[in-house]
Amino acid sequence: METNAPKRRDNKKSLRVKVISLGNAEVGKSCIIKRYCEKRFVPKYLATIGIDYGVTKVQVRDREIKVNIFDMAGHPFFYEVRNEFYKDSQGVLLVYDVGLRESFDALDSWLGEMKQEMGSQANMDSIVFIVCANKVDLTKRRVVDEGEGRLWAESRGFHYFETSAQSGEGINEMFQAFFSSITDMCENGGKRPTAEVSAGFTKEQADTIRRIRNSKDSWDMLGVKPGATREEVNKAYRKLAVLLHPDKCVAPGSEDAFKAVVNARTSLLKNIK
Ligand code: GTP
Ligand code: MG
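Residues numbered from 1 in each chain as written. Chains lettered and ligands numbered in written order. Predicted model: local features only at pLDDT ≥ 70, side-chain atom pairs only at ≥ 80, totals over all residues. Heavy atoms only, no water.

- The chain is annotated in an unreviewed UniProt entry as DnaJ homolog subfamily C member 27 from Xyrichtys novacula.
- UniProt annotates the chain under Sequence similarities (unreviewed entry) with the comment "Belongs to the small GTPase superfamily. Rab family."
- The annotation that UniProt attaches to the chain under Subcellular location (unreviewed entry) is "Nucleus". (UniProt positions renumbered as here; feature names shortened; annotations may be inferred.)

**Re the site of ligand 1**
Then, number 1: Of all residues adjacent to ligand 1, which total 25 residues, the nearest are Lys29, Tyr45, Thr48, Gly74 and Asp137.
Then, number 2: With respect to ligand 1, the backbone of Gly28 contributes an N or O atom lying 3.0 Å from an oxygen atom.
Then, number 3: Between ligand 1 and the protein, one listed contact pairs an oxygen atom with a backbone N or O atom of Gly74 at 2.6 Å.
Then, number 4: Cavity membership is defined here by more than half of the atoms lying within 2 Å of grid points; on that basis ligand 1 lies in the largest pocket.
Then, number 5: With 3 residues, helix H2 (residues 29-38) is the largest single contributor of residues to the shell around ligand 1.
Then, number 6: Considering only residue class, the shell around ligand 1 consists of 12 nonpolar, 8 polar and 5 charged. (Near = heavy atom within 4 Å. Polar contact = N/O pair within 3.5 Å; in protein donor to acceptor, adjacent residues only side chain to side chain. 1 Å grid on protein atoms, 1.4 Å probe; cavity = no way out; pocket = protein on both sides within 12 Å on 5 of 7 lines; lining within 4 Å. Sits in = over half its atoms within 2 Å of the grid points. Helix = DSSP H or I, 4+ residues; strand = E, 2+ residues; numbered from the N terminus. Nonpolar A, V, L, I, M, F, W, Y, C, P; charged D, E, K, R; others polar.)

**Some thoughts on the coordination of the magnesium ion (ligand 2)**
Six octahedral donors around a metal ideally make angles of 90 or 180 degrees; four tetrahedral donors ideally make 109.5 degrees.
Then, number 1: Surrounding the magnesium ion (ligand 2) are the protein donor atoms Ser30 (OG) and Thr48 (OG1), at 2.0 to 2.1 Å. Residue Ser30 is located in helix H2, and its partner Thr48 is located in the loop between H2 and strand E2 (51-60); the two are separated by 18 residues in the primary sequence.
Then, number 2: Relative accessible area serves as the criterion here: at 24%, Ser30 is assigned to the partly exposed category. (Donors = N, O, S within 2.8 Å, 3.2 Å for Na, K, Ca; no water. Buried < 20%, exposed > 50% of the residue type's maximum accessible area, 1.4 Å probe, protein only.)

**Points about the UniProt feature "domain: J" (unreviewed entry) in the chain**
Then, number 1: Residues annotated in UniProt with the feature "domain: J" (unreviewed entry) correspond here to residues 217-273.
Then, number 2: For residues 217-273, the helix share is 65%, the strand share is 0%, and the end-to-end C-alpha distance is 19 Å.

**Side note on the pattern of salt bridges**
Any two side chains of opposite charge can pair, so long as their charged atoms come close to each other.
Then, number 1: Within this structure, the stated rule accounts for 17 salt bridges.
Then, number 2: For Arg150, the salt bridge goes to Glu154, with nearest N and O atoms at 2.9 Å. Taken together, the residues span about one helical turn, with Arg150 and Glu154 both in helix H6 (residues 146-154) at a distance of 4 residues. (Salt bridge = Lys/Arg side-chain N within 4 Å of Asp/Glu carboxyl O.)

Structure, rendered in structure tokens:
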């Protein structure tokens, strides 16, 4: 009797979770996992074929967590192998390479693929997402800055971490936050606690800032057709000014976006009679 008692208590405290890694090929998903689990970095690219599976045990507060890691291949060729593994995940590592804009832009389609494969049972509120802006050691080739990445992540209620599998920067912190959030979620009846990553700004604000950053000219920035009238320009400007005014909007990059909108309006009005 006595020998069984502690065992039962331990069982109650232990937890099994499933996490997956997502993102374009070569962004560093496998290297991030390897850096954490094996404390090493492999510079040579070894593409994941379909899926790699591993198990690790971690301690979060008084609980032992057994983590099943499914490291997905990013190459489109492996879609048919990956698609079965989305279901029943409690955590997702969404990885992009800060030196490759297309890998950042692809995050939306990775979420799309996941939702599609999970079908009607998709409940994205029961999954912890961590966005890894990876390869931050390669500072010279960086094209997606922290503000932009953080904005995309936090506007969706996801965590954001800057990581380097090569130097190890951010890796332990990122996994600690990941496992601790998953544990919180499981203790919270399977619903992702929102307060901790609540961004304080809306998705509309975040999407607008992103659109402004990527706009090709002043017309595009204000969201009006080339040749629009003064009234149309002013109307579009007012709408954006209300949304992004620095007194009202705390989203990263809102000040720059607001200034850009003011400048765009000024330069357009100069040329409209
Ligand atoms: P797939 O399995 O094809 O989907 O790719 P992956 O996302 O798993 O990429 P992987 O981890 O295999 O890394 C791809 C390449 O990037 C390898 O050559 C790695 O050495 C390199 N790499 C990964 N992370 C980093 C990093 O943080 N910094 C630098 N400089 N290189 C990295
Ligand atoms: Mg891989």
